[in-house]
Amino acid sequence: MKEDYSFFGESIPSESYYITSPESTIDYKLDKIHFKREENLRLKCFYNGKGLDSWKQLMQMRNFPSLGTVIKGQENPSIKATSSDFKQEVEFKYISDITTHTEISGEFRGTGEPHEIIIRDTSNYPPRVVIYWIGNAEEEHNFYYTRKFILRSNPPSITMFGTIDVNESSHYISGNRIDLKLNEENYIFGKIPKSLTQAVNKSFLYTDGTHHPNLKFCAEFCSIMGYLMGLKLYPLGYTFYTDEFQIIEKGFWNVTNVEKADTNWQIIPLDLRHDKKRINNPEAILSNLIENFFEKKESFQLMKILGYFQKFYELPFYLRIQTLATGLDLLEKFWYKSKLSKSRGKYMEDNTYKVIIEKYISNIEEDIKEIANQSYIINNIRNANQISLTQKKLTFVQELEMRLTDNEKKILKKRNSAVHGSDSEVESQAIVSDVGAYYSLVSRIFLKFLGYDDNYIDYSLPNYPAKNIEISVGEIA
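Residues numbered from 1 in each chain as written. Predicted model: local features only at pLDDT ≥ 70, side-chain atom pairs only at ≥ 80, totals over all residues. Heavy atoms only, no water.

Quick look at the pattern of salt bridges
A side chain of one charge can pair with a side chain of the opposite charge if their charged atoms are brought near each other.
Step number 1: Counted according to the given criterion, the structure contains 22 salt bridges.
Step number 2: Here Lys-346 makes a salt bridge to Asp-350, at a shortest N to O gap of 2.5 Å.
Step number 3: In this structure Asp-350 comes out as partly exposed when scored by relative accessible area, which is 38%.
Step number 4: A salt bridge links Arg-444 to Glu-408; the nearest nitrogen and oxygen atoms lie 2.8 Å apart. Taken as a pair, Arg-444 in helix H13 (residues 428-449) and Glu-408 in helix H12 (residues 406-420) lie far apart in primary sequence, 36 residues in all.
Step number 5: Given a relative accessible area of 0%, Arg-444 falls into the buried group. (Salt bridge = Lys/Arg side-chain N within 4 Å of Asp/Glu carboxyl O. Buried < 20%, exposed > 50% of the residue type's maximum accessible area, 1.4 Å probe, protein only. Helix = DSSP H or I, 4+ residues; strand = E, 2+ residues; numbered from the N terminus.)

So, a nonpolar patch on the surface
Step number 1: On the surface, Tyr-347, Met-348, Ile-356 and Tyr-360 cluster together into a nonpolar patch covering about 400 Å² of accessible area.
Step number 2: The topology assignment puts Tyr-347 in the loop between helix H7 (317-337) and helix H8 (350-358). (Patch = residues over 30% accessible without salt bridge, like charges linked within 9 Å, V, L, I, M, F, W, Y side chains within 5 Å. Areas by Shrake-Rupley, 256 points an atom, 1.4 Å probe, with all protein chains shown as cover.)

Let's talk about the confidence of the model for the protein chain
Do not read the fine detail of predicted coordinates wherever pLDDT is low.
Step number 1: Looking at the protein chain, pLDDT values average 79 and 75% of them are 70 or higher.
Step number 2: A low-confidence stretch, residues 61-76 (pLDDT under 50), is modelled with 24 contacts involving residues beyond four sequence positions or located in other chains.
Step number 3: Scored below 50 in pLDDT, residues 163-170 makes 13 contacts in the model with residues more than four places away or belonging to other chains. (pLDDT = per-residue confidence, 0-100. Contact = heavy atoms within 4.5 Å.)

Digging into the environment of Ala-219
Step number 1: Turning to its location among the elements, Ala-219 is positioned in helix H4 (residues 215-229).
Step number 2: Residues Ala-219 and Met-303 lie 84 residues apart in sequence; the distance between their C-alpha atoms is 9.1 Å.

Description of helix H11 (residues 389-399)
Step number 1: Every buried residue belonging to H11 is among Lys-392, Lys-393, Leu-394, Thr-395, Phe-396, Val-397 and Glu-399, and all of these are buried.
Step number 2: Positive phi appears at Glu-401, one or two residues downstream of H11, with a value of about 60°.

Some remarks on the nonpolar core
Step number 1: One finds Phe-189 and Met-225 to be the most contacted residues of the largest nonpolar core, which totals 78 residues.
Step number 2: At 10 residues, the largest contribution of residues to this core is made by H13.
Step number 3: With near-sequence residues (within four places) excluded, Met-225 lies in contact with Phe-143, Ile-178, Phe-189, Leu-233, Leu-286 and Ile-290. (Core = buried A, V, L, I, M, F, W, Y, C linked by side-chain atoms within 4.5 Å.)

Quick look at the structure:
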């Protein structure tokens with residue numbers, strides 16, 4: 001007998017709901033709506049209703065308004081509905097791509113793309129556990145989970161275990177789980193396969209009910225965790241449970257940016273693969289990396305930076321250095337704006353430089369007064385305290401307390417030919433080597449920025465060795 005894991009609540013119910021808000025007007029009456037998630041992870045809603053007498057008159061005059069315009073014109077951009085037994089309340093928000101087909105009888109049906117769907121139980125039981133559901137672009141063949149969990153369908157439960165072996169018949173047992181601690185809160189990250197969820201392969205993030213689910217947190221977690229795993233992860237939604245794993249709320253989020261990653265060369269910044277457990281205490285290391293990411297994400301716009309880093313997997317090889325270079329340039333830019341930078345991108349304090357230059361600037365202006373465009377010369381002199389673009393990158397890395405070898409300085413210069421192009425023809429294998437070296441160096445810099453001090457992977461050397469973050473790219477440990 002197949003186990004029933006429908007208590008996950010991660011799939012959208014197939015039933016129809018009765019629309020309660022916006023209320024019917026003199027023109028039309030919204031009736032039922034149901035939802036589905038398509039294979040590309042987008043949410044869809046399907047609704048129907050009936051136009052009343054005034055609506056029919058407008059139709060006959062070919063002057064009736066679009067129902068999409070009516071829905072999108074609501075003051076509160078959400079629609080509410082209820083289940084037939086009134087035990088569930090439904091709210092869905094910010095509908096886009098609305099299309100409506102109206103019959104001459106006044107009946108209409110249509111589709112739309114809700115950005116968020118929330119289904120709440122009306123019993124008001126207190127929440128105890130929240131599970132975020134996360135979609136995986138590909139299988140996690142390059143990630144090692146250190147612990148196990150066990151699922152029971154009757155009564156429904158998810159029980160977490162340590163590293164000990166678990167042997168219980170008729171229950172699903174998995175080694176796909178790690179424990180994380182973020183800002184003194186405990187989280188469990190794991191994976192549940194498609195065979196149990198009856199949908200796409202899913203990861204989950206499990207924590208207690210004091211954490212109220214929100215898309216922003218889940219998207220940010222997906223971004224940093226996906227980078228560390230070498231995957232694109234998508235926030236799909238969440239389930240709120242009571243102590244007895246009774247579902248009291250389910251949320252579903254629309255996914256609009258699904259990209260097919262290149263799995264032929266799926267590389268990762270640090271080694272968390274199942275067959276090569278090269279990092280000691282991976283849970284503590286991952287917790288520290290993710291916690292530091294959340295601490296710095298706003299001031300350094302890390303979501304934008306990781307967006308460029310993760311484009312790496314979706315682009316042709318000859319474009320991959322470009323997207324990494326853009327992300328690194330942004331990191332450098334925000335570094336110099338932060339209090340962490342000692343130099344702030346200047347050779348000396350601006351006030352000190354200004355005092356020095358004012359001693360000579362009037363004489364210089366007098367000496368060049370007959371020269372065309374003298375203002376440009378003076379402005380360049382006034383701005384000469386700015387560290388040059390080439391030196392800025394080196395100073396940034398130095399301020400991270402990293403040592404760059406001559407080889408790594410050459411690797412950084414690969415950015416110029418990648419971004420601006422080159423007259424010389426480059427062989428395919430040379431492009432692969434350059435990309436591997438540049439990726440490794442960017443990973444080394446970014447991981448160091450996040451306070452990481454363990455091993456990273458060097459893709460510029462044969463067999464891709466894992467070595468300490470203080471050992472330079474291309475250098476044999």
